[in-house]
Amino acid sequence: MKEKTAFVCQNCGAHSPKWMGRCPSCGEWDTLIEEIEEDASIEFAFPPSEPVLYEEIKQAEKKRLQTGIEELNRVLGGGVVLGSLVLIGGEPGIGKSTLLLQVSRDFSAQGEKVLYVSGEESLEQIKLRGERLGIQKGNLYLLAETNLERVIAHAEKLSPQVFILDSVQTFFSSKLSSSPGTISQVREVTNQIFRFAKTNMISAFLIGHITKDGSLAGPKSLEHMVDCVLYFEGERDHSHRVVRALKNRFGPVSELAIFEMTGQGLQAVANPSAFFLKERPVNETGSAVVCTIKGSRPLLAEVQALVSSTLFAGNPRRMTIGCDHFRASMLMAIVEKKLGFSFAGEDVYLNVAGGLTIDEPATDLGILVAVVSSLKNRAVSSDLAVFGEVGLSGEIRSVGHPVARVKEASSLGFQKVILPKGNISHLEKENISGINLIGVKNVKEVIDTIF
Ligand code: TYD
Ligand code: MG
């Protein structure tokens, strides 16, 4: 009998009986790949259950393991939950294997049994990395294997508390005949590991490679199948790496951890604000410091603007890196309308230093001040930080967490903070000493105060 095949979109998983250039379901181009149709019977992960009355459900206390990396525990919502599956996605070479080998090292030092399975590297290669990370004698087992059923058989024999698979794209289940990395394989692998983690109450980590444009990602289609999704980000030319939670069934999302890649693996950055401001130029035009909030934590970021006369009359350039392009254009339009300045003959480049991204409205004021500073060729005092949302009528609107923002600025030695007038009352109760708070109502007041 001829095997039945179907074309499966590697982006969204949609099936099609014939090849098409564009997936009719998600609209991506050139993502359909022929796979052998598997028996579509769905196996349920859990035995059949009965409906239960709400008040009869007992609240189970989630047991968590602490990873030994304080930053990572915070992103996971206070450690990793036993009986959960965490997916860690990121571009190749960003440091996923390094991070999880460090996690393995710390767990094994705490006396937990760890099984690290690699489908990518030989045991010798992993050991070489382990030497750099200073792995000592302990309870860490390594396995180089790509057959999922054999991996699970080993795991059943060894019964580890922590189970790490590197990476989901390299494993294959012999139940399916498609090759590793195809969407049906990565789903099957994830499904089996998820079941294994739940039935044995262990913490499982699954690494997934993601390319910059997210294409042929595979892991993207796994997000709904796992308990927690962490993304590992960073620019190749910067040493810092950011890990953030995109989904977490056991904790808050939008928390973020900042690491630096060093010769001995990833080191948590103790003071992120100081880290991102350390190379800030003093008394240069076009630079402003803004207090933003990342997850539950305040962070100071430097916004840089360069306004220079354009060669493209009628169509000047507007470039932004690290902040929203449309928001920046809107802020420039407000400056033009309310302050009478003109960007008509000017190219405007905006950049957030250190590869950071600022994405909350409270950072409007930082962008606005940086742009005006460069346009007017007037430097902003280096002991000043700002935050506030700018409305379309030029009004400065109050924002959340004013106290945390001001305290962060104060702890880094800033003397003055310009903030929305509406936020001042929150701060009066707090009695923060040694810092001059200047409440402002509109953009005109901001510019009059600074310049
Ligand atoms: P790796 O963890 O293998 O990335 P991934 O698993 O995400 O593909 O390694 C990432 C990079 O980190 C690699 O180029 C080497 C570098 N590195 C260090 O700079 N210091 C170290 O201590 C280690 C182990 C790696
Ligand atoms: Mg790797």
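Scroll up a little and you will see the structure.
Residues numbered from 1 in each chain as written. Chains lettered and ligands numbered in written order. Predicted model: local features only at pLDDT ≥ 70, side-chain atom pairs only at ≥ 80, totals over all residues. Heavy atoms only, no water.

**A closer look at the overall build of the protein**
Turning to step 1, where the next piece is worked out: On a plain count of helices and strands, the protein comes out with eleven helices and 23 strands.
Turning to step 2, where the next piece is worked out: Taking the principal axes of its C-alpha atoms as reference, the protein extends roughly 80 × 55 × 50 Å.
Turning to step 3, where the next piece is worked out: For the protein, buried positions account for 50% of its 451 residues.
Turning to step 4, where the next piece is worked out: The contacts in the protein between residues at least 6 apart in sequence include a share of 66% that link residues at least 24 apart.
Turning to step 5, where the next piece is worked out: Split by element, the accessible area of the protein, about 21900 Å² in all, is 51% carbon and sulfur.
Turning to step 6, where the next piece is worked out: If the 48 positive side-chain charges of the protein are averaged to one point and the 53 negative ones to another, these points end up 3 Å apart. (Helix = DSSP H or I, 4+ residues; strand = E, 2+ residues; numbered from the N terminus. Buried < 20%, exposed > 50% of the residue type's maximum accessible area, 1.4 Å probe, protein only. Contact = heavy atoms within 4.5 Å. Areas by Shrake-Rupley, 256 points an atom, 1.4 Å probe, with all protein chains shown as cover. Lys, Arg positive; Asp, Glu negative; His and termini not counted. Charge placed at Lys NZ, Arg CZ, Asp CG, Glu CD.)

**What to know about helix 5 (residues 183–200)**
Turning to step 1, where the next piece is worked out: Between its terminal C-alpha atoms helix 5 stretches 26 Å, which fits the 26 Å expected from 18 residues at 1.5 Å a residue.
Turning to step 2, where the next piece is worked out: Counting buried positions along helix 5 gives 14 out of 18 residues, so the element sits mostly inside the fold.
Turning to step 3, where the next piece is worked out: One or two residues past the end of helix 5 sits Met201, with phi positive at roughly 50°. (Expected span 1.5 Å × (residues − 1).)

**Here's the deal with unusual backbone geometry**
Turning to step 1, where the next piece is worked out: Following Asp166, the chain continues to Ser167 via a peptide bond in cis, the omega torsion being -5°.
Turning to step 2, where the next piece is worked out: Inspection of the secondary structure assignment puts Ser167 in the loop between strand 9 (162–166) and helix 5.
Turning to step 3, where the next piece is worked out: Despite not being glycine, Ser159 has its phi angle at roughly 35°, a positive value.
Turning to step 4, where the next piece is worked out: Look at Asn377: it is not a glycine, yet its phi comes out positive at around 55°.

**Details of the site of ligand 1**
Turning to step 1, where the next piece is worked out: In the vicinity of ligand 1, 15 residues are found, and the nearest of them are Gly93, Ser97, Thr98, Thr262 and Gly265.
Turning to step 2, where the next piece is worked out: Thr262 is positioned such that a nitrogen or oxygen atom in its backbone is 2.7 Å from a nitrogen atom of ligand 1.
Turning to step 3, where the next piece is worked out: In isolation ligand 1 offers 560 Å² of accessible surface; the protein chains occlude 76% of this area.
Turning to step 4, where the next piece is worked out: Elements that contribute at least two residues to the shell around ligand 1 include exactly helix 2 (96–109), helix 3 (123–132) and strand 13 (256–262).
Turning to step 5, where the next piece is worked out: For the shell around ligand 1, the leading source of residues is helix 2, giving three residues.
Turning to step 6, where the next piece is worked out: Partitioned by chemical class, the residues of the shell around ligand 1 number three nonpolar, eight polar and four charged. (Near = heavy atom within 4 Å. Polar contact = N/O pair within 3.5 Å; in protein donor to acceptor, adjacent residues only side chain to side chain. Nonpolar A, V, L, I, M, F, W, Y, C, P; charged D, E, K, R; others polar.)

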